[in-house]
There are 2 protein chains.
Amino acid sequence: MTQTQLPATAGESLAGPPGPRAHLTSPVTQAVLRVQNQITAAAREYLSGDGFVEMLPPIIGPVTDPGARGAKQVDIDFYGHRYKLMTSAILYKQASLLAFNRIFYIAPNVRLEPLETSSTARHLAEFHQIDVEVAHASRDDILLVAQGLVSHIIRRVTGTMAAELAFLGRDPRAFDALLAGPFGRMTHHEAAESLHGLGHDQDPHAEIDWYAERLLSAQHERPFFVTDYPKGSRGFYDRENPDRPGTLMNFDLIAPEGYGELCSGSEREFEYRRIMARIRETGENPAKYGWYLDLVREGIKSSSGFGIGLERLTRYIAGLDATWQANAYPKLPGVVSP
Amino acid sequence: MTQTQLPATAGESLAGPPGPRAHLTSPVTQAVLRVQNQITAAAREYLSGDGFVEMLPPIIGPVTDPGARGAKQVDIDFYGHRYKLMTSAILYKQASLLAFNRIFYIAPNVRLEPLETSSTARHLAEFHQIDVEVAHASRDDILLVAQGLVSHIIRRVTGTMAAELAFLGRDPRAFDALLAGPFGRMTHHEAAESLHGLGHDQDPHAEIDWYAERLLSAQHERPFFVTDYPKGSRGFYDRENPDRPGTLMNFDLIAPEGYGELCSGSEREFEYRRIMARIRETGENPAKYGWYLDLVREGIKSSSGFGIGLERLTRYIAGLDATWQANAYPKLPGVVSP
């Protein structure tokens, strides 16, 4: 696949969102939002049928996920106390397993991404995640949940939304390989080697950047997992492999055809001593994690989980040029809009 | 029904939320959250089956609903621009009808309620609404949607959650009258007269306060609508009756047994000239409603809609002493908690 067949990105003449009237009255937007409605319905159907309880995550709290790559958090004043908008639901997902062993959220998040990401076609300052967490699950267990969930969603959407997909120009045969068998799987180390083979100088000890991820994605015709990212590329809650220090027991799920990352997940750190050490390694003051660390000290369950970017999944399924097309009121980094 | 049979409120020895571990590991909380999960599933089932498209509302934006009684809005800094957390989804509900004629959200809201409301047993600073809006619908049309939706939810929850309700001590016969026929209906004027009859000095031109609402609620055994509130008691978007200036074409839905308000709704203002006049009457500067007024000026659809407080509906159905019991991470006004 050549570069020009990839979904559009900056420099490939992709315009930003039009105003709300043009966006909402567009038959394209309407078809996309109907597809997205089926995606969330299919996710609820699959997870509820598998014993998960859907919960409603908070959108504000004293502390939030520090792990977002380069994004800033939003401060608010809650009766004189400094609170945050949620950048992800991870702290609440771990806590919620005190109530149920299998939970999910469809969670809104706000991340003030760097201004330069407004032209990646991938980043929104406000977006949603299908957030799943399972007590006592290993990474291999949770990979199967993610694979089963994404496969079910695509099976339902291609089954019920044929007219919308046709209107959007998305050939449902794009999903034949996905639906025919298990997703691919490689380690971060193998991904780095593969990128070297493509002429890209990927540091085997660093995050895979957007460009490289897109290169790798374009080599595949079905989604694939990249596992075992180096420590430092993700938040303190992704469990470090006790047998391979410096390597996380985590994964990303990458869509094929150049669409890039759909989902990040991991086995979790859950022991107080290890979490304290991991927070300190990032240079953060553990004191800001008050309520969370109080819970962890008294004991939380081991778990694995993941978050699927809902707008990114919608983009992949609907075959869209940009992630903002999958949001009714898209907020690009730095751009004032409804 | 005597005063002491009412659900507990401040002064009736209702404790606030315990810490997150005690709350989440409590079998009561777990039963309540399972009931709530069925409530949202039933709402989606009813509305999707009736041609509604579920959309995901923004949680931040340049402006939000000014109508919340006495509650403060939360400011945030969005790349140097002053944004708000949503206090309600009303502006987006009207806009979203440009895409579809029947929409709903299950929307998170944040309202910094006055500190004294932390003891009403009714108020949370963060809560959810089942938010419904229908293009070209009259108030009578939307009353039927609200009645059908609440009846369906209660029919499904009593049918599927018998064990949870029994555990919570909620006798399902409490809903026999509700399920047997249409909800009651009275005007605000009639409600004021009824309150006079109960020895309460209700101003016929003012909002019905929490205490009076509870008094009225305790007189009924099925939910009832109170219609035609005086202008000034609600936001500018509730349509003023052209034939009876000063009276709104709106309603509240009040639960019986002392549980009080579940839902507010209205036929909406949709004409630019009238909306501008209504905003000016409240003393606000229309300039802050930039994107919304731009849409209205170019034309939006007439509509009616409502928002059901999800935690309050859960409280009523589960028979709880306080609304915070219906939230996994309850935030009382002024109280720091996860």
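As shown above, the structure is provided for reference.
Small disclaimer: the values here were computed from a predicted structure and weren't measured.

Focus: the relation of the copies chain B and chain A
Each of the two chain copies can be generated from the other by rotation about an axis followed by a shift along it.
Link 1 in the chain: Turning chain B through 180° and shifting it by 0.0 Å along the axis lays it on chain A, with an RMSD of 0.0 Å. Expressed as an axis order, the relation between the two copies is that of a two-fold axis. Nearest to the rotation axis, the C-alpha of I76(B) is located 3.0 Å from it, this being the minimum over chain B.
Link 2 in the chain: A shared binding surface is used by both copies, with 100% of the interface residues of chain B retained as interface residues in chain A.

A word on the pattern of salt bridges
Link 1 in the chain: Counted under the stated rule, the structure contains 60 salt bridges over all chains.
Link 2 in the chain: The closest approach of N and O atoms between R21(A) and E298(B), which form a salt bridge, is 2.7 Å. In this pair, R21(A) sits in helix α1 (residues 20-25) while E298(B) sits in helix α10 (residues 290-298), so the two residues belong to two different chains.
Link 3 in the chain: When the shortest N-O distance is used, the salt bridge between R44(A) and E54(A) registers 2.8 Å. Taken together, the residues span a long stretch of sequence, with R44(A) in helix α2 (residues 27-49) and E54(A) in strand β1 (residues 53-54) at a distance of 10 residues. Pair check on accessibility: R44(A) and E54(A) agree, each one buried.
Link 4 in the chain: A single salt-bridge network, built from bridges that share partners, covers K93(A), D131(A), E133(A), D238(A) and R268(A).

Regarding the side chain of E257(A)
Link 1 in the chain: Take E257(A): it is sitting in the loop between β9 (250-255) and β10 (260-267).
Link 2 in the chain: Here R170(A) takes part through its side chain, which lies 2.9 Å from a polar atom of the side chain of E257(A).

Brief notes about the packing of α2(A) against helix α4 (residues 139-160) of chain A
All names here are of chain A.
Link 1 in the chain: The interhelical angle for the contact between α2 and α4, taken along N-to-C directions, is 135°, at an axis separation of 9 Å. The orientation of α2 relative to α4 falls into the category oblique. Read as a crossing pair, α2 and α4 show a hand that is right-handed. Along the contact surface, α2 presents V35, Q38, I39, A41, A42, A43, E45, Y46 and L47, while α4 presents V145, G148, L149, H152, I153, R156, V157 and T160.

Describing the sheet that holds strand β5 (residues 102-110) of chain B
All names here are of chain B.
Link 1 in the chain: On the basis of which strands lie adjacent, the open sheet formed by 8 strands has the order β1-β5-β6-β11-β10-β9-β8-β7 and mixed pairing. The outermost strands of the open sheet, each flanked by one partner alone, are β1 (53-54) and β7 (184-187).
Link 2 in the chain: Bridge analysis of strand β9 (residues 250-255) against strand β10 (residues 260-267) gives 6 bridges, and the strand direction is antiparallel. Paired with I254 across the two strands is E261, which belongs to β10.

A look at the interface of chain B and chain A
Link 1 in the chain: Chain B puts 62 residues into the contact, and the matching count from chain A is 62 residues.
Link 2 in the chain: Of the roughly 5100 Å² buried between chain B and chain A on both sides combined, carbon and sulfur atoms contribute 67%.
Link 3 in the chain: Viewed at the interface, chain A and chain B are joined by 24 residue pairs in polar contact (both at pLDDT 80 or more).
Link 4 in the chain: The greatest single-element share of the side of chain B that touches chain A, amounting to 6 residues, is contributed by helix α2 (residues 27-49) of chain B.
Link 5 in the chain: For the side of chain B that touches chain A, the per-class residue count stands at 40 nonpolar, 11 polar and 11 charged.

Topic: the environment of K72(A)
Residue and element names in this part refer to chain A.
Link 1 in the chain: Relative to the helices and strands, K72 is located in the loop between β2 (60-61) and β3 (75-78).
Link 2 in the chain: For K72, a relative accessible area of 60% corresponds to the exposed category.
Link 3 in the chain: It is 6.3 Å that separates the C-alpha atoms of K72 and E113, two residues lying 41 residues apart in sequence.
Link 4 in the chain: Look past the residues within four positions of K72 in its chain and what remains in contact with it is R111 and L112.

Some details on the sheet that holds strand β4 (residues 81-85) of chain B
Residues and elements named next belong to chain B.
Link 1 in the chain: Pairing within the open sheet is antiparallel, and its 3 strands lie in the order β2-β4-β3. Two strands lie at the open edges of the sheet, namely β2 (60-61) and β3 (75-78), each paired on one side alone.
Link 2 in the chain: Bridge count between β2 and β4: 2 bridges; the pairing is antiparallel. What sits directly across from I60, in β4, is L85.

Some thoughts on the environment of G246(A)
Link 1 in the chain: Looking at where G246(A) falls in the secondary structure, it is placed in the loop between β8 (224-227) and β9.
Link 2 in the chain: When its relative accessible area of 28% is taken as the criterion, G246(A) is described as partly exposed.

Digging into the packing of aromatic side chains
Link 1 in the chain: Counted by the stated rule, this structure contains 26 aromatic pairs over all chains.
Link 2 in the chain: Here W291(B) and Y292(B) contribute two aromatic rings whose centre-to-centre distance is 6.2 Å and whose plane-to-plane angle is 85°, an arrangement assigned as edge-to-face. Assigned by exposure class, W291(B) and Y292(B) land together as buried.
Link 3 in the chain: Taken together, the ring pairs in this structure connect Y92(A), F236(A), Y237(A), Y289(A), W291(A), Y292(A) and Y329(B) into an aromatic cluster.
Link 4 in the chain: Sitting over the ring of Y229(A), R234(A) keeps its end group 4.3 Å from the ring centre.

Rules used throughout
Residues numbered from 1 in each chain as written. Chains lettered and ligands numbered in written order. Predicted model: local features only at pLDDT ≥ 70, side-chain atom pairs only at ≥ 80, totals over all residues. Heavy atoms only, no water. Least-squares fit on C-alpha atoms with pLDDT ≥ 70 in both. Contact = heavy atoms within 4.5 Å. Salt bridge = Lys/Arg side-chain N within 4 Å of Asp/Glu carboxyl O. Helix = DSSP H or I, 4+ residues; strand = E, 2+ residues; numbered from the N terminus. Buried < 20%, exposed > 50% of the residue type's maximum accessible area, 1.4 Å probe, protein only. Polar contact = N/O pair within 3.5 Å; in protein donor to acceptor, adjacent residues only side chain to side chain. Axes fitted to C-alpha atoms, helices over the stretch in contact; angles between N-to-C directions. Parallel < 35°, antiparallel > 145°, perpendicular 65-115°, else oblique. Left-handed = near helix turned anticlockwise from the far one by under 90°. Pairing = 2+ DSSP bridges. Buried area = accessible area lost by both parts, 1.4 Å probe. Nonpolar A, V, L, I, M, F, W, Y, C, P; charged D, E, K, R; others polar. Phe/Tyr/Trp six-rings, centres within 6.5 Å; stacked < 30°, edge-to-face > 60°. Lys NZ or Arg CZ within 6 Å of the ring centre and 35° of its normal.

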